[in-house]
Amino acid sequence: MTSPSQSAGTAAPASAGPVDPALIEDLVAASRILAAEGILDGYGHVSVRHPSHPERYLMSRSLAPALVSASDILELDLDSNPVDGRGRTLFRERFIHGTIYRARPDVQAVVHSHSPTVIPFGITDVPLKPTFHMAAFLYAGVPVYEIREESGFTNMLVDDNARGRALAATLGDKPVALMRGHGNVVVGPTLPHAVFRAIYTEVNARQQTVAMAIAQGGPVKYLAPEEGDIITNKKPGDIGRAWQLWKSKVMGPP
Ligand SMILES: [Zn+2]
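Residues numbered from 1 in each chain as written. Predicted model: local features only at pLDDT ≥ 70, side-chain atom pairs only at ≥ 80, totals over all residues. Heavy atoms only, no water.

Engineer: Honestly, the overall build of the chain in this entry has me stumped. Any pointers?
Structural biologist: What the chain contains, in helices and strands, is eight helices and seven strands. Its C-alpha radius of gyration of 18 Å places the chain within 12% of the 18 Å reference for a compact globule of 254 residues. Taking the principal axes of the C-alpha coordinates as reference, the chain spans close to 60 × 50 × 30 Å. When burial is assessed residue by residue, the chain has 48% of its 254 residues classed as buried. Long-range contacts, defined here as pairs at least 24 residues apart, represent 69% of the contacts in the chain between residues at least 6 apart. Summed over all atoms, the accessible surface of the chain reaches about 12000 Å², with 56% contributed by carbon and sulfur. (Helix = DSSP H or I, 4+ residues; strand = E, 2+ residues; numbered from the N terminus. Rg over C-alpha atoms; globule rule 2.2 N^0.38 Å. Buried < 20%, exposed > 50% of the residue type's maximum accessible area, 1.4 Å probe, protein only. Contact = heavy atoms within 4.5 Å. Areas by Shrake-Rupley, 256 points an atom, 1.4 Å probe, with all protein chains shown as cover.)

See below:
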């Protein structure tokens, strides 16, 4: 599926300048990690905000995430126009990223996936809640974006800025929002955080499904909001160790 790279007559935005190749490598790694861990398949994407220009972000051209290399990374403005598209096909749902970066100055990285076990929590009234410490970041609640509310019946894709803004409004100040009948969006203060959260959102959905089945309608003891707050904000764990492991698996040993 293709998409117009930008609207006719719109001048391409100026580049914000070169980026440290190490960040590009991490973005490539993030894409491949999310594919290797089963969060992204042939679809979905990850981006990172430009480190010195908050009005720009970096993401791959439209490509299966496992196949992304450094030469596929493009710079886009927050309306999701490419700086130097050179005719390359862009992700149709890149607007998810630009609109969230605009709405959330604290966010440095965004993942959009269709990670499979999370989907049922967007189509039922069962809220996704943190089952264990690794997914403590879910403690503040996981909102669900209902595309029908503003857009009626659609192809379910967030493929323009208006839908992106509605999704960003649903996300609010949270780290994760589900998209009914489609997928989810995960944000973080760094690229490794966003990847970590995307992976553990899927793991949490699996565990919650198992716990609810075992409980057979009985109570399930989720992390208390107080516990989630301590782990997320006051005594965070070292996600660097997981990032190192995941990265070495897809990029080779450092
Ligand atoms: Zn999607």
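Engineer: What am I meant to see in the coordination of the zinc ion here?
Structural biologist: Six octahedral donors around a metal ideally sit at 90 or 180 degrees from one another, while four tetrahedral donors ideally sit at 109.5 degrees. Distances from the zinc ion to its protein donors, Glu93 (OE), His112 (NE2), His114 (NE2) and His182 (NE2), fall at 2.0 to 2.2 Å. One can describe the site at the zinc ion as irregular: its four donor atoms subtend angles covering 95 to 147 degrees at the metal. Positions of the donor residues of the zinc ion, expressed as sequence spacing, correspond to E-x18-H-x1-H-x67-H. With histidine 114 in the loop between strand S4 (109–113) and helix H3 (119–123) and histidine 182 in the loop between strand S6 (176–179) and strand S7 (183–188), the pair connects residues that are 68 residues apart, well separated along the chain. When its relative accessible area of 10% is taken as the criterion, histidine 182 is described as buried. (Donors = N, O, S within 2.8 Å, 3.2 Å for Na, K, Ca; no water. Tetrahedral: all angles 85-135°; square planar, octahedral: opposite > 155°, others 65-115°.)

Engineer: For this particular structure, what's the right way to read the pattern of salt bridges?
Structural biologist: Working definition: two side chains of opposite charge can pair if their charged atoms are close together. Following the criterion strictly, the structure yields 14 salt bridges and no others. One salt bridge in this structure joins glutamate 75 and arginine 56, with 3.2 Å as the shortest N-O distance. In this pair, glutamate 75 sits in strand S3 (residues 73–77) while arginine 56 sits in strand S2 (residues 56–60), placing the two residues 19 residues apart along the sequence. The residues glutamate 75 and arginine 56 share a single accessibility class, namely buried. As a salt-bridge pair, aspartate 159 and arginine 92 come within 3.6 Å of each other at their nearest N and O atoms. Taken together, the residues aspartate 159 in the loop between helix H4 (148–151) and helix H5 (161–171) and arginine 92 in the loop between S3 and helix H2 (95–103) connect sequence positions 67 residues apart. With relative accessibility at 22%, the residue aspartate 159 sits in the partly exposed group. (Salt bridge = Lys/Arg side-chain N within 4 Å of Asp/Glu carboxyl O.)

Engineer: I keep staring at the side chain of serine 113 and nothing clicks. Help me out?
Structural biologist: Looking at where serine 113 falls in the secondary structure, it is placed in strand S4. Here serine 115 takes part through its backbone nitrogen, which lies 3.1 Å from a polar atom of the side chain of serine 113. Contact partners of serine 113, with chain neighbours within four places excluded, come to Ile39, Leu40, Gly183 and Asn184. (Polar contact = N/O pair within 3.5 Å; in protein donor to acceptor, adjacent residues only side chain to side chain.)

Engineer: I keep staring at the sheet that holds strand S1 (residues 45–49) and nothing clicks. Help me out?
Structural biologist: Within a beta sheet, neighbouring strands are joined by backbone hydrogen bonds and run either parallel or antiparallel to one another. Strand order in the open sheet formed by seven strands is S3-S2-S1-S4-S7-S6-S5, and the pairing between neighbours is mixed. The outermost strands of the open sheet, each flanked by one partner alone, are S3 and strand S5 (144–145). In the packing of helix H6 (residues 191–215) onto the sheet, contacts are made with S1, S4, S6 and S7, and the angle to S7 comes to roughly 145 degrees. (Pairing = 2+ DSSP bridges. Axes fitted to C-alpha atoms, helices over the stretch in contact; angles between N-to-C directions.)

Engineer: Explain the packing of aromatic side chains to me, please; I cannot follow it from the model alone.
Structural biologist: Two measures describe an aromatic ring pair: the distance that separates the ring centres and the angle between the ring planes. Under the counting rule described, the total for this entry stands at five aromatic pairs. Taken together, the ring pairs connect Phe132, Phe196, Tyr200 and Trp246 into an aromatic cluster. (Phe/Tyr/Trp six-rings, centres within 6.5 Å; stacked < 30°, edge-to-face > 60°.)

Engineer: Explain helix H1 (residues 21–36) here, please?
Structural biologist: The periodicity of an α-helix, 3.6 residues per turn, causes residues three or four places apart in sequence to face the same way. An ideal rise of 1.5 Å per residue puts 22 Å on 16 residues; H1 measures up with 22 Å between its terminal C-alpha atoms. What H1 keeps buried is the set Leu23, Ile24, Asp26, Leu27, Val28, Ala29, Ala30, Ser31, Ile33, Leu34 and Ala35. Those residues of H1 that are buried lie in contact with S1, S2, S3, S4, H6 and helix H8 (240–251). The backbone nitrogen of alanine 22 has a side-chain oxygen 2.9 Å away, supplied by the residue at the start of H1, namely aspartate 20. Where H1 terminates, the next one or two residues include glycine 38, which has phi positive at roughly 80 degrees. (Expected span 1.5 Å × (residues − 1).)

Engineer: Explanation requested: H2 in the structure shown.
Structural biologist: The element H2 is extensively covered by neighbouring structure, given that seven of its nine residues are classed as buried. Inspection of H2 places Phe95, Ile96, His97, Gly98, Thr99, Ile100 and Tyr101 among the buried residues, and these make up the whole buried set. Next to the buried residues of H2 lie S1, S2, S4, H5, S6 and S7.

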